[in-house]
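Observations on chain architecture
This is what each chain is made of:
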Amino acid sequence: VWVNAGSKLTYDHSFGIKTRSVFLTGEAYFEVAKDKAHPFIVHTSLMDIRAVGTAFNVRSYANEKSAEATLLEGSVEVEFKRKTGEKIILKPMEKVIVKNAGGESAEIKENDLPEIAVVKVRYDSLAAVPTTQETQWMQDKLVFKQVKFGIIIKELEQHYNTRIIVRDSSLLNRRLSGVFQNETLAEVLETFKLAAGLKYKTEDSVVIIFK
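As a starting point, this report considers the structure included with it.

Reading the values: the criteria
- Residues numbered from 1 in each chain as written.
- Predicted model: local features only at pLDDT ≥ 70, side-chain atom pairs only at ≥ 80, totals over all residues.
- Heavy atoms only, no water.
- Helix = DSSP H or I, 4+ residues; strand = E, 2+ residues; numbered from the N terminus.
- Rg over C-alpha atoms; globule rule 2.2 N^0.38 Å.
- Buried < 20%, exposed > 50% of the residue type's maximum accessible area, 1.4 Å probe, protein only.
- Contact = heavy atoms within 4.5 Å.
- Areas by Shrake-Rupley, 256 points an atom, 1.4 Å probe, with all protein chains shown as cover.
- Lys, Arg positive; Asp, Glu negative; His and termini not counted.
- Charge placed at Lys NZ, Arg CZ, Asp CG, Glu CD.
- Phe/Tyr/Trp six-rings, centres within 6.5 Å; stacked < 30°, edge-to-face > 60°.

So, on to the overall build of the protein chain. The number of helices and strands found in the protein chain is two helices and 16 strands. For a compact globule of 211 residues, the expected C-alpha radius of gyration is about 17 Å, and the protein chain comes in at 18 Å, within 12% of that figure. Each of the three principal axes of the protein chain carries a C-alpha extent, and together these read 55 × 35 × 35 Å. Across the 211 residues of the protein chain, 44% fall into the buried class. Considering only residue pairs separated by 6 or more positions, the protein chain has 50% of its internal contacts joining residues 24 or more positions apart. Carbon and sulfur atoms make up 50% of the accessible area of the protein chain, which totals about 11,400 Å². Of the charged side chains in the protein chain, 30 are positive and 28 negative; the average position of the first set lies 3 Å away from that of the second.

The next thing to look at is the packing of aromatic side chains. Aromatic ring pairs: the centre-centre distance and the angle between the two ring planes describe each pair. All told, the structure shown has eight aromatic pairs when counted by the stated rule. Relative to Phe192, the ring of Phe144 has its centre 6.4 Å away and its plane inclined at 50°; by these criteria the two rings are tilted. Linking Phe144 in strand β12 (residues 141-148) with Phe192 in helix α2 (residues 185-196), this pair joins segments that are 48 residues apart in sequence. Judged by its relative accessible area of 1%, Phe192 is buried.

Following this line, the structure appears as structure tokens:
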């Protein structure tokens with residue numbers, strides 16, 4: 001298992017007795033050995049993902065608008081906490097997205113996000129190592145394609161373990177793009193400074209962004 005920044009993965013004394021159950025807050029990538037007698041289950045606040053022998057990524061941050069599970073290899077069964085008894089089976093290169101009603105501020109809310117959606121994912125053909133957008137964080141890579149700046153800020157806070165304050169709320173809905181790998185936070189902000197005309201400063205380890 002690879003665990004992303006700002007994430008927590010726990011398990012208790014029952015691990016391996018009947019199931020291999022873990023509890024995730026945040027994001028992690030799993031490669032699971034086959035053991036039909038002891039299915040591997042990832043519990044999150046919105047869904048449980050059950051696997052036997054599989055490679056998959058799970059993202060479930062409490063403050064984000066949605067949670068998601070992306071299957072790269074094998075098969076997983078996803079059960080939803082808010083819809084008792086409802087399950088789906090993901091096929092390789094599919095992603096399930098579950099709406100988190102209280103996960104984001106009104107300034108960046110996506111009203112058209114469905115409760116549950118399954119979409120196809122693709123490998124990045126230009127990457128040096130075959131990867132999907134959902135797993136690029138494992139290479140210390142940040143990829144934004146027309147993403148609202150308010151969502152980008154949350155990603156930067158988690159990735160760089162810092163606090164960022166946006167003084168002008170009109171910036172939150174600006175959609176920006178960029179690909180960053182191994183850059184410092186200052187280098188990322190300099191790019192957005194040129195692209196969006198914003199300004200920033202640091203006070204007591206807190207980054208403040210303004211027009």
